[in-house]
Amino acid sequence: DKTPPGGDVPKGPELDKKELKRHLSNLKPLADDPAYLVLADWLQTQEHPWGELIVLQHGAATNPKKAASLQKQADKHLKENAPVILGEAANDSRSHFDWHHGFVRRAVIASDADVKVMTKALKSFLDSPVSHMVETLVISPYRATFTTYQDYSQSTQNMVDPWTDLEKLAKSIPDRITRVGFGG
């Protein structure tokens, strides 16, 4: 059951930020590194569902005979625990994520076509530890509501262009993200 945009997001157990940072610093991108399982074990001792996601996705990537079954379990686990694992980013059904070993590698962050709302959505996602390995980021604005007009000449004064003030948004994207796109 998804929380509506702007609503309270279920939170997992509070994680020790120093310990989490220590575990994250040991990970190598796209490697089938045992450090992922060390992080997963620590998360599971904290009773955080992210740990189980890492175990399931790591197992699917490293065990070809059980890959389909483990990936199906991972998808189910993620669906049930997305708000706890992803935070507010899980609230928008237009957003989607490509995962590897429990980390988002490619994110499409959808939000209302307002620079402040887009920046908040992006910051919320990037503050989540699952974004630690993200390589590709797509910002996908949309209009949450549309006003209808009798004729075109009335509508031109009320058009929203989400691309006019991108400097603040661009500055909030870390250098480690190597590919950035705009649109859906």
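Quantities reported herein were computed from a predicted structural model and do not represent experimental measurements. (Residues numbered from 1 in each chain as written. Predicted model: local features only at pLDDT ≥ 70, side-chain atom pairs only at ≥ 80, totals over all residues. Heavy atoms only, no water.)

1. Comments concerning the confidence of the model for the protein chain
Consideration 1: Per-residue confidence for the protein chain gives a mean pLDDT of 83, with 82% of residues at or over 70.
Consideration 2: When mean pLDDT is taken per element in the protein chain, helix α4 (residues 67-86) scores highest with 95 and helix α6 (residues 152-155) scores lowest with 58.
Consideration 3: Segment residues 1-5 is flagged for pLDDT under 50; beyond a separation of four residues in sequence, or across chains, it makes eight contacts in the model. (pLDDT = per-residue confidence, 0-100. Helix = DSSP H or I, 4+ residues; strand = E, 2+ residues; numbered from the N terminus. Contact = heavy atoms within 4.5 Å.)

2. A look at the pattern of salt bridges
Consideration 1: Summed over the entire model, instances satisfying the criterion amount to six salt bridges.
Consideration 2: For E80, the salt bridge goes to K76, with nearest N and O atoms at 3.3 Å. Taken together, the residues E80 and K76, both in helix α4 and four residues apart, mark about one turn of the helix.
Consideration 3: Of the charged contacts in the structure, one is a salt bridge between R106 and D98, with a shortest N-O distance of 3.8 Å.
Consideration 4: A relative accessible area of 30% places R106 in the partly exposed class. (Salt bridge = Lys/Arg side-chain N within 4 Å of Asp/Glu carboxyl O. Buried < 20%, exposed > 50% of the residue type's maximum accessible area, 1.4 Å probe, protein only.)

3. So, unusual backbone geometry
Consideration 1: One non-glycine residue, E47, adopts positive backbone phi at about 60 degrees.
Consideration 2: Relative to the elements of secondary structure, E47 occurs in the loop between α2 (34-45) and α3 (49-62).
Consideration 3: A relative accessible area of 67% means that E47 is categorised as exposed.

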